[in-house]
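Chain residues, written in single-letter form:
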Amino acid sequence: AQVEALSGNKDQIKLNLDKYVNEPSIRDNPNAYAYEITLAYSALGQTEKTFEWLVKAETAKSYGFNFLAVDHRLQGFRTDPRFKKLLQKLNGASN
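Cut-offs applied
- Residues numbered from 1 in each chain as written.
- Predicted model: local features only at pLDDT ≥ 70, side-chain atom pairs only at ≥ 80, totals over all residues.
- Heavy atoms only, no water.
- Helix = DSSP H or I, 4+ residues; strand = E, 2+ residues; numbered from the N terminus.
- Buried < 20%, exposed > 50% of the residue type's maximum accessible area, 1.4 Å probe, protein only.
- Contact = heavy atoms within 4.5 Å.
- Areas by Shrake-Rupley, 256 points an atom, 1.4 Å probe, with all protein chains shown as cover.
- pLDDT = per-residue confidence, 0-100.
- Patch = residues over 30% accessible without salt bridge, like charges linked within 9 Å, V, L, I, M, F, W, Y side chains within 5 Å.
- Salt bridge = Lys/Arg side-chain N within 4 Å of Asp/Glu carboxyl O.
- Polar contact = N/O pair within 3.5 Å; in protein donor to acceptor, adjacent residues only side chain to side chain.
- Phe/Tyr/Trp six-rings, centres within 6.5 Å; stacked < 30°, edge-to-face > 60°.
- Lys NZ or Arg CZ within 6 Å of the ring centre and 35° of its normal.
- Core = buried A, V, L, I, M, F, W, Y, C linked by side-chain atoms within 4.5 Å.

**Focus on the overall build of the protein chain**
Helix and strand counts for the protein chain come out as six helices and zero strands. Going from the N terminus to the C terminus, the protein chain shows its helices and strands as α-α-α-α-α-α. Counting every position in the protein chain, which comprises 95 residues, the buried fraction comes to 37%. Counted over contacts in the protein chain with a minimum sequence separation of 6, partners at least 24 positions apart contribute 55%. Working note: accessible area of the protein chain is about 5900 Å², and carbon and sulfur atoms make up 53% of it.

**Considering the confidence of the model for the protein chain**
Averaged over the protein chain, the pLDDT score is 88; the fraction of residues at 70 or greater is 88%. The least confident element of the protein chain is helix α1 (residues 2–7), whose mean pLDDT is 58; the most confident is helix α5 (residues 47–59), at 96.

**Focus on a nonpolar patch on the surface**
A cluster of nonpolar residues, Tyr63, Phe67 and Val70, forms a patch on the protein surface that exposes about 350 Å² of accessible area. Within the secondary structure, tyrosine 63 sits in the loop between α5 and α6 (81–93).

**As for the side chain of serine 62**
Along the chain, serine 62 turns up in the loop between α5 and α6. Polar contacts involving the side chain of serine 62 include one to the main-chain carbonyl oxygen of asparagine 31, which spans 3.2 Å. If near-sequence neighbours (up to four positions away) are discounted, serine 62 is found in contact with Pro30, Asn31, Tyr35 and Ala57.

**Regarding the packing of aromatic side chains**
Tallied over the entire structure, the rule returns two aromatic pairs. Seen from their ring centres, phenylalanine 51 and phenylalanine 77 are 5.6 Å apart, and the 85 degrees between their planes marks the pair as edge-to-face. With phenylalanine 51 in helix α5 and phenylalanine 77 in the loop between α5 and α6, the pair connects residues that are 26 residues apart, well separated along the chain. In terms of burial, phenylalanine 51 and phenylalanine 77 fall into one category: buried. Ring centres 5.4 Å apart and planes at 75 degrees place the aromatic pair tyrosine 63 and phenylalanine 67 in the edge-to-face group. With a relative accessible area of 60%, tyrosine 63 lands in the exposed category. The aromatic ring of phenylalanine 51 is capped on one face by arginine 82, whose charged end is 4.1 Å from the ring centroid.

**Some thoughts on the nonpolar core**
Membership of the largest hydrophobic core comes to 23 residues, with the highest contact counts inside it found for Tyr35, Tyr41, Leu54, Phe65, Leu68, Leu74 and Phe83. Those elements that place two or more of their residues in this core are α2 (10–20), α4 (30–43), α5 and α6. Looking at this core element by element, the count peaks at six residues for α4. Once residues within four sequence positions are removed from consideration, phenylalanine 83 is found in contact with Phe51, Leu54, Leu68, Leu74, Phe77 and Arg78.

Below, the structure written as structure tokens:
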């Protein structure tokens, strides 16, 4: 979805992504998919969905969430207070 978001019809891809994230195998397994879904919504420019899934990634202790501080794909969100709050949670968890 991330690659498609960068190269295709973003409106159609967003509809497809919204459909896929509601499938039980995805929705019920945030540990495995939440961070990747975050990145897909980020590539689509969907700020609210990006943060919705970042919170899910943090709550589920998704492995990808550990890279929040260095993931350049989320660069555009670093000034948002929600991002800073999540980063503080991550940094607090590593102390």
